Amino acid sequence: MRISHWLAGALALASTQIAHADARADLTVFTRGLKSLQGGFSQEVYDTKGHLKQSSSGRVSLATPRQFRWEYVKPYRQLVIADGKTVWIYEPDLQQVSKRPQGPEEQNSPLAILVDPARLDHDYIVTDGGTSAGMNWLGIAPRSKADSNFQSARIGFKDGQLSQIVVTDPLGQRTQMYFALWQRNLALPATTFGFTVPKGVDVIGD
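As named in an unreviewed UniProt entry, the protein is Outer-membrane lipoprotein carrier protein, taken from Solilutibacter silvestris. The Subcellular location (unreviewed entry) field of the UniProt record for the protein holds the comment "Periplasm". Under the heading Function (unreviewed entry), UniProt records this for the protein: "Participates in the translocation of lipoproteins from the inner membrane to the outer membrane. Only forms a complex with a lipoprotein if the residue after the N-terminal Cys is not an aspartate (The Asp acts as a targeting signal to indicate that the lipoprotein should stay in the inner membrane)."

**Student:** Would you take a moment to explain the pattern of salt bridges for this structure?
**Tutor:** Opposite charge on two side chains allows them to pair when their charged atoms are near. This model, assessed by the stated rule, comprises three salt bridges. Close ionic contact of E71 with R69 constitutes a salt bridge, the shortest N to O distance being 3.6 Å. Accessibility expressed as a relative area gives 24% for E71, which makes it partly exposed. The exposure class assigned to R69 is buried, which follows from its relative accessible area of 17%. Here E71 and R77 are joined by a salt bridge, their closest N and O atoms 3.3 Å apart. On the accessibility criterion, R77 (43% relative accessible area) is partly exposed. The structure contains a network of salt bridges with shared partners spanning R69, E71 and R77.

Calculation rules
- Each chain carries its own residue numbering, running from 1 in the direction its sequence is written.
- Where local features are concerned, this predicted model is filtered to residues with pLDDT of at least 70; where side-chain atom pairs are given and counted, the filter is 80 or more; whole-chain, interface and lining totals use all residues.
- Side-chain measures here rest on the full set of heavy atoms in the structure, leaving out hydrogens and waters.
- UniProt positions are given in the numbering used here, feature names are shortened, and annotations may be inferred rather than shown by experiment.
- For this document, the term salt bridge refers to a Lys or Arg side-chain nitrogen within 4 Å of an Asp or Glu carboxyl oxygen.
- Each residue gets one of three labels from its accessible area relative to the maximum for its type: buried under 20%, exposed over 50%, partly exposed in between, using a 1.4 Å probe on protein chains only.

Here it is, written out as structure tokens:
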């Protein structure tokens, strides 16, 4: 895509446990009864030296159990749709779309725990991320590295809402995603997660 310490002593231990409980409670409340979710996002990608490589923004939609839609609007348009069977990546400027079977990479995305939170402790090592910048944080790392496209992630909740996800990939590149204006359990039309190849557009992939 063009584009996700423990302190010694009884008092410190108690404080980290409370923060962890708060973040887990935020996640539990945020995902309870969740069927669909839609909101705005901005994204920043940093290289291994911490230099900003690219930034973008747009809208994201997701629905249980395996449907995602990332619609990048700025600085250029790009559409990424996972319809439950196939992943489509459409680049209007290039008049090109690529497709591939939807597989473990999408299933093991940090966003997947929003639509299937029961997998959290089974599939991930969960750590306390503490509290900073007014947010409660959870740290997660996949138990199986083989099928994962990220090394670790931090998930931040503010005022009970998912606010940020920070993902580090296996090469050490960092992607920071900021979310806003969430709308829950909308009756999203079927076309939200469907894709029809426009006339004249080249298709790459199976």
